Amino acid sequence: MPDSTLIELRRATLAAFASADTMQQLEDARVTALGRKGTLAQISKDFGKLSPEQRASVGKLLNSVKQDLESAYEEKKKHFEEAELARRLAGEWIDVTLPSPGLRPGSLHPITLIQNEIEDLFTSLGFAILYGPEVETEEHNFDALNIPAMHPARDMQDTFWLSNGHLLRTHTSPVQVRGMRELGPPLRMIAPGRVFRNEEVDASHEHTFYQVEGMMVDRDVSVANLIYFMKTLLSGVFHREVTVRLRPGYFPFVEPGFELDIRCLICDGSGCAVCKHSGWVELLPCGLVHPNVLRLSGIDPEEWGGFAFGLGLTRLAMMRYGIDDIRQLQGGDLRFLSQF
Ligand code: DAH
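Conventions adopted
- Residues numbered from 1 in each chain as written.
- Predicted model: local features only at pLDDT ≥ 70, side-chain atom pairs only at ≥ 80, totals over all residues.
- Heavy atoms only, no water.
- Buried < 20%, exposed > 50% of the residue type's maximum accessible area, 1.4 Å probe, protein only.
- Helix = DSSP H or I, 4+ residues; strand = E, 2+ residues; numbered from the N terminus.
- Contact = heavy atoms within 4.5 Å.
- Domains from an automatic or database assignment.
- Pairing = 2+ DSSP bridges.
- Axes fitted to C-alpha atoms, helices over the stretch in contact; angles between N-to-C directions.
- Phe/Tyr/Trp six-rings, centres within 6.5 Å; stacked < 30°, edge-to-face > 60°.
- Lys NZ or Arg CZ within 6 Å of the ring centre and 35° of its normal.
- Near = heavy atom within 4 Å.
- Polar contact = N/O pair within 3.5 Å; in protein donor to acceptor, adjacent residues only side chain to side chain.
- Areas by Shrake-Rupley, 256 points an atom, 1.4 Å probe, with all protein chains shown as cover.
- Nonpolar A, V, L, I, M, F, W, Y, C, P; charged D, E, K, R; others polar.
- Salt bridge = Lys/Arg side-chain N within 4 Å of Asp/Glu carboxyl O.
- Parallel < 35°, antiparallel > 145°, perpendicular 65-115°, else oblique.

This part covers helix α10 (residues 313-321). Side chains of residues three or four places apart in an α-helix project in the same direction, reflecting 3.6 residues per turn. Listing the buried residues of α10 in full gives Leu 313, Thr 314, Leu 316, Ala 317 and Met 318. Buried residues in α10 make contact with α5 (110-124), β5 (208-218), α8 (223-238), β8 (280-289) and β9 (305-312). Trailing α10 by a residue or two, Gly 322 shows a phi angle of about 65°, which is positive.

Right, dumping it as structure tokens:
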């Protein structure tokens, strides 16, 4: 075998290595020359056919060609690896001297926003703000509000009973009882808070929602006082004058009891989808405090009278901000909450 074959192999392979533009091309050139079935392996196979003198000189050349090719291959491979690393580092580069984006400020929950407004408004009208417990006694939640056991009105509120006979309050009305008993008349109070009912959850029902209870007990309190405070409240919440009307409504703790409607703020009474084309939107139940309720909390109904109302805070927040699914309010989704 002439030395020139080896020398030509070296020349051609080094050229192939040098012109390889990718790792794959380099690898292909290596396999052709140095692979198990490559040219050099073929030449080695014929090595046995040579005479001892030829073997010595060809063997030497063969080893040196092999070494030259291996080191050229390693060098080019290293070059590719370094280029790849440099490319990655350039892509992942960050400027650690840039100012940080900062903490994202939180915001108040829409229900908290409305609650704060209502608290401010009633504070300015001389009302105390009371927070009753969420776990209530049956007596505060029902009996003292003129809803004795077996009264059908208990069925209107699907109650979570606890094994000790207490319950999760179904409304904020039991705070009326606490206000009357602890502060006595004359009394002006509101009680915002969380209430619980065993409701099937959907877009407009939640097992946990918010109300604001209101109560005023004084001498000579009439429906006129009730209407005045309700108009003041609602004008404050909606930031404009509202027109209200009362329809009869039944609640065991008030007599007479009313459903208060407001003239639709969307269509101004001419009829639209929001008011179901009636021009009016049902907003809150209210009434004059039933004499039994006063009596059950130690207040003489001959001397004192009062009004009470129960505002659905959750519903009000949904109307005010145009939220169409109640589940958003407690879903904890920051994309929703950060809009407020
Ligand atoms: N507590 C009642 C409920 O959740 C709402 C209510 C009605 C409250 C009339 C009142 C009232 O204070 O006078 O269904």
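With that settled, consider the domain arrangement of the protein. For the protein, the domain assignment lists domain 1 (3-92) and domain 2 (110-337). Once you take the C-alpha centre of each, domain 1 and domain 2 turn out to be 88 Å apart.

Strand order across the open sheet formed by seven strands is β1-β4-β5-β9-β8-β7-β6, with mixed pairing between neighbours. The sheet terminates laterally at β1 (128-129) and β6 (244-248), the two strands that pair on one side only. With respect to the sheet, α5 is in contact with β1, β4 (187-196), β5 and β9, its orientation differing from that of β4 by roughly 170°.

Centre-to-centre distance and the angle between the planes together describe a pair of aromatic rings. Across all of its chains, the model carries 10 aromatic pairs by this definition. Seen in terms of ring centroids, Phe 122 and Phe 127 are 4.9 Å apart; in terms of plane orientation they differ by 70°. Their pairing is edge-to-face. Take Phe 122: its relative accessible area is 0%, and that puts it in the buried class. We classify Phe 127 as buried; its relative accessible area is 5%. Considering the side-chain rings of Phe 251 and Phe 253, the 6.2 Å spacing of their centres and the 40° angle between planes classify their relative orientation as tilted. For the pair shown, Phe 251 and Phe 253 are each scored as buried. Chaining the aromatic ring pairs together yields one cluster made of Phe 122, Phe 127, Tyr 228, Phe 229, Phe 307 and Phe 309. Over the aromatic face of Tyr 73 sits the side chain of Arg 30, whose NZ or CZ is 5.5 Å from the ring centroid. Between Arg 219 and the ring centre of Trp 304, over which it is positioned, the NZ or CZ distance is 4.2 Å.

Right, let's get into the site of the ligand. Around the ligand, the surrounding shell holds 16 residues, and the nearest of these are His 171, Ser 173, Arg 197, Gln 211 and Glu 213. In this structure, Gln 176 approaches the ligand through a side-chain N or O atom, which is 3.2 Å from an oxygen atom. Between the ligand and Glu 213, the relevant distance is 2.6 Å, taken from an oxygen atom to a side-chain nitrogen or oxygen of the residue. When the free accessible area of the ligand is taken as 360 Å², the share hidden by the protein chains comes to 92%. Among the elements of the structure, β5, β8 and β9 are those that each provide at least two residues to the shell around the ligand. When the residues that make up the shell around the ligand are grouped by side-chain class, the tally is seven nonpolar, seven polar and two charged.

Before going further, it helps to spend a moment on the pattern of salt bridges. Overall, the coordinates contain 18 salt bridges when judged by the stated rule. Notably, a salt bridge pairs Glu 134 with Arg 194, separated by 3.1 Å at the nearest N-O pair. Here Glu 134, found in the loop between β1 and β2 (135-136), pairs with Arg 194, found in strand β4; they are 60 residues apart in sequence, far enough to count as distant. Residue class for Arg 194 comes out partly exposed when judged on its relative accessible area of 31%.

Right, let's get into the packing of helix α2 (residues 23-34) against helix α4 (residues 52-91). Here α2 crosses α4 at 170°, and the two axes come no closer than 10 Å. Here α4 runs roughly antiparallel to α2, going by the angle between their axes. Listed contacts from α4 to Met 23, Leu 26, Glu 27, Arg 30, Ala 33 and Leu 34 of α2 are Lys 66, Leu 69, Glu 70, Tyr 73, Lys 76, Lys 77 and Phe 80. Taken together, the residues of the contact of α2 with α4 sort by class into seven nonpolar, no polar and six charged.

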